[in-house]
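Single-letter residue listing:
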Amino acid sequence: MESRIDLTHGSGGRAMARLIEEIFLTAFDNDMLRQRNDQACFEVPPGRLAMTTDGYVISPVFFPGGDIGCLAVNGTINDIAMSGAKPLYLSAGFIIEEGFPIDDLRRIVHSMAGSASAAGVAIVTGDTKVVEKGKGDGIFVTTTGIGVVPEGVCISGDLAQAGDKILVSGTIGDHGTAVMVRRNNLSFGATFLSDTAPLHDLVRRMLDASPRGLHCMRDPTRGGLATTLNEFAAQSHIGMLIMETEIPMKVEVKSACEFLGLDPLYVANEGKLIAICDPAAAPLILDAMRSHPLGKDAAIIGEVQEDPNHFVQMVTAFGGRRIVQWLTGEQLPRIC
Amino acid sequence: MKYIEEFRDGKLARIMARKISAAVALREYRFMEFCGGHTHAIFRYGIQDLLPANVQMIHGPGCPVCVLPISRVDLAIVLARMPGVILCTYGDMMRVPGSQGASLLKARAAGADVRMVYSTLEAIRIAQENPSNDVVFFAIGFETTTPPTAVAIKKALESNINNFSIFCNHVLTPPAIKAILNAPEETVRIDGFVGPAHVSAVIGTRPYEEFAHEYNRPVVIAGFEPLDIMQAILLLVHQVNESRAEVENEYTRAVAREGNLKAQALMAEVFELRPSFEWRGLGAIPSSALRIKPEYDHYDAETRFTLPSIPVADEGACQCGSVLRGIIKPVDCPLFGTVCTPENPVGSCMVSSEGACAAYYLYGRFRNISHQS
Ligand code: SF4
């Protein structure tokens, strides 16, 4: 096969059929794909279905700890899992820029297949388009996911109540820092790895510990912890008070963010979740999280409180208090 | 980095807070932190919570984005709209409102070539990559950002880069402090200053001695870490209690009395004093800003291009001027948090997180919330 993607790979002809056959079908192989229809048909399990879609654009495409492929699978699994649902099927759409190395594509697709099978989720349908050079940034991946919510589980961003506890599943800022460090070709004498991981199994364990104690759950991806907390506050019409000293963070991430002029509270995560729980259930849920490898650093970082202004406030490690605001514009380095 | 953590340590902060509480007498203490960097840190770490109620911090004008008057922003927009010009600027300046709601961001949306850069050297690179364009760097800042601008001019000269120039808006710290001290006493009483960190690393502590000796105000130079600021406040309280007025240096790890002589020499080589410069809020202050020396005027956008003379503009309902002089707090401005927010700034103090309005909005808004409508 040629070494780079060209426009014939998206033209619907033989080249495209071969690309699909040799790269996508072999990697994602499953019964539904093998039927080679334009859609996947499956039985719908009883209960409520959860559905989500997300487009992935990231530079660099390969970064320490992951790549756009596993990110696209894990990210969509996580969006499904945050409703409490068990993820079942994924679709995958690729927009590839002419000239993209086929070996890189193969690597990405293998990474997706590996993540999907590790998570027990099948990629059952997909699409590929090739765009002219200059009309895309290497490769864009879009995944859509479907899952089923267990009976009795009701999790939603508008259900936080005063008194609820705020939990985070582990160290924050790892993913965004790893990408920024790589993008700027920096080295701080430490390795920075993305935390990309599928969280549905962790969620299952949390639900087993307390099926009804979980009120809100979300993975703090773009915009980080600060953005997710503000979203909950706005959706639930409440305020929050968090303690900076309780927020799990790796020392090297803190240092790198300091150097890059970033606030780790706003840095993206790809394998962490924030849960807002009934105060009585919080210790049970926390224990359940800590018993799972992806939640071993979980912590209770604060509490929901009444607040007509819906402020997220933080007691700083220094001992003062401040607002943790929605992100305004891009995070920019200071100039003075 | 452990080194920095020590200056943010909660336990040390509590010890320091106790020392300050024990030191204060039955009177009010009003200290101005000149620098926007300090304002930012005070809000970001919630330092006000650790101070006794009778110690008040007044936020000074040391935010380069904030003090630039509308007329200079307007001139930058004029430059950006000129055919063939690429205007390079720091990110914050893009959003500063000029007159009639114009901004560099809007000029860019309308087709002007405005680029955000992180350093002057990046602007030089853009000039090298675009030989048929005229690249103008919108230089702002106090003494800290001035030496890099001088370096850029010298680099352009050495490398024979002729399509590069500077729109110079560098301003000086000591004349601004003097302007505040010369304001009528009833406008704002200040018992002492937390002196600039990085600026002092360049100019040293000597220029502040005048304020101690002639104006009888203590000055304590402090680093940007929260513990630095607390320590400086403690030293100021002691000075006030003992009726002393001296320049003390809390930031000895970076600041010497003579400052950075090399940086000063570089500045003196390339820049000269402007007879007078207009500051937002403070008005025209004599000898308070720098311009490029005639020997380098090829790199001076103000001589290279024919620029209109833009009169001092009215700030409208925005009260940045009073905020910058410490006369009102941001929440006292009727537009604060309603019409004027960081997403939609009406005045420059709401743009940069070193501006008092933005710092208040971003970090401190839960205080005095009753002031808001
Ligand atoms: S709140 Fe806005 S309008 Fe009011 S003084 Fe501050 S910047 Fe100006």
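Residues numbered from 1 in each chain as written. Chains lettered and ligands numbered in written order. Predicted model: local features only at pLDDT ≥ 70, side-chain atom pairs only at ≥ 80, totals over all residues. Heavy atoms only, no water.

Some words on the overall build of chain A
Summing up its helical and strand segments, chain A has 9 helices and 13 strands in all. Relative to the 2.2 N^0.38 estimate, which gives 20 Å for 336 residues, the radius of gyration of chain A is 21 Å and therefore close to what a compact globule would have. Projected onto the principal axes, the alpha-carbon positions of chain A cover approximately 65 × 55 × 35 Å. Considering only residue pairs separated by 6 or more positions, chain A has 85% of its internal contacts joining residues 24 or more positions apart. Each charge class in chain A was averaged separately, 28 positive and 40 negative side chains, and the resulting centres sit 3 Å apart. (Helix = DSSP H or I, 4+ residues; strand = E, 2+ residues; numbered from the N terminus. Rg over C-alpha atoms; globule rule 2.2 N^0.38 Å. Contact = heavy atoms within 4.5 Å. Lys, Arg positive; Asp, Glu negative; His and termini not counted. Charge placed at Lys NZ, Arg CZ, Asp CG, Glu CD.)

Some remarks on helix 8 (residues 120–129) of chain B
Within the span of helix 8 of chain B, buried status applies to Thr120(B), Glu122(B), Ala123(B), Ile124(B), Ile126(B) and Ala127(B). Of the surrounding secondary structure, the elements contacted by the buried residues of helix 8 of chain B are strand 3 (85–89), strand 4 (113–116), strand 5 (134–141), helix 9 (146–158) and strand 6 (164–170) of chain B. (Buried < 20%, exposed > 50% of the residue type's maximum accessible area, 1.4 Å probe, protein only.)

What to know about the domain arrangement of chain A
Residue and element names in this part refer to chain A. Each domain of chain A was delimited in the assignment, giving domain 1 (7–149) and domain 2 (165–323). Every contact between the two is made by 20 residues of domain 1 and, on the other side, 20 residues of domain 2. Both sides together, the interface formed by domain 1 and domain 2 hides about 1600 Å², and carbon and sulfur atoms give 64% of it. Sorting the residues of domain 1 by area buried against domain 2 places Pro64, Asn78 and Met82 first, and these three jointly supply 36% of that buried surface. Our enumeration of links across domain 1 and domain 2 arrives at 0 salt bridges. For the pair domain 1 and domain 2, the interface holds 7 residue pairs in polar contact (both at pLDDT 80 or more). Of all the secondary structure elements, the ones that give two or more residues to the side of domain 1 that touches domain 2 are strand 2 (62–63) and helix 3 (68–81). In the side of domain 1 that touches domain 2, the residues fall into 12 nonpolar, 7 polar and 1 charged. (Domains from an automatic or database assignment. Buried area = accessible area lost by both parts, 1.4 Å probe. Salt bridge = Lys/Arg side-chain N within 4 Å of Asp/Glu carboxyl O. Polar contact = N/O pair within 3.5 Å; in protein donor to acceptor, adjacent residues only side chain to side chain. Nonpolar A, V, L, I, M, F, W, Y, C, P; charged D, E, K, R; others polar.)

Here we look at unusual backbone geometry
For residues that are not glycine, phi is negative in most cases, and the peptide bond is trans in most cases. The omega angle of the peptide bond from Ser59(A) to Pro60(A) is 0°, so this bond is cis rather than trans. Examined against the element boundaries, Pro60(A) turns out to sit in the loop between strand 1 (48–56) and strand 2. Backbone geometry at Asn160(B) places phi at a positive 60°, although glycine is not the residue there. Looking at the element boundaries, Asn160(B) is found in the loop between helix 9 and strand 6. Using a relative accessible area of 56% as the deciding quantity, one classes Asn160(B) as exposed.

Description of the packing of aromatic side chains
Residue and element names in this part refer to chain B. Tallying each qualifying case throughout the model produces 13 aromatic pairs over all chains. Considering the side-chain rings of Tyr90 and Phe137, the 5.6 Å spacing of their centres and the 90° angle between planes classify their relative orientation as edge-to-face. Remark: Phe137 occurs in strand 5 and Tyr90 occurs in the loop between strand 3 and helix 6 (91–94); sequence separation between them is 47 residues. Judged by relative accessible area, which is 0%, Phe137 ranks as buried. Ring geometry for Phe142 versus Trp279: centroids 6.0 Å apart, planes at 55°, classification tilted. Here the residue Phe142 occupies a position in the loop between strand 5 and helix 9, and Trp279 occupies one in strand 11 (residues 276–279), the gap between them amounting to 137 residues. On the basis of relative accessible area, Phe142 is assigned to the buried category, the value being 2%. Through a chain of ring-to-ring contacts, three or more aromatic side chains come together here, namely Phe43, Phe336, Tyr360 and Tyr361. The lysine or arginine in question, Arg27, covers the ring of Tyr29, its NZ or CZ lying 4.9 Å from the ring centre. Here Arg44 stacks its cationic end above the ring of Tyr45, 6.0 Å away from the centre of that ring. (Phe/Tyr/Trp six-rings, centres within 6.5 Å; stacked < 30°, edge-to-face > 60°. Lys NZ or Arg CZ within 6 Å of the ring centre and 35° of its normal.)

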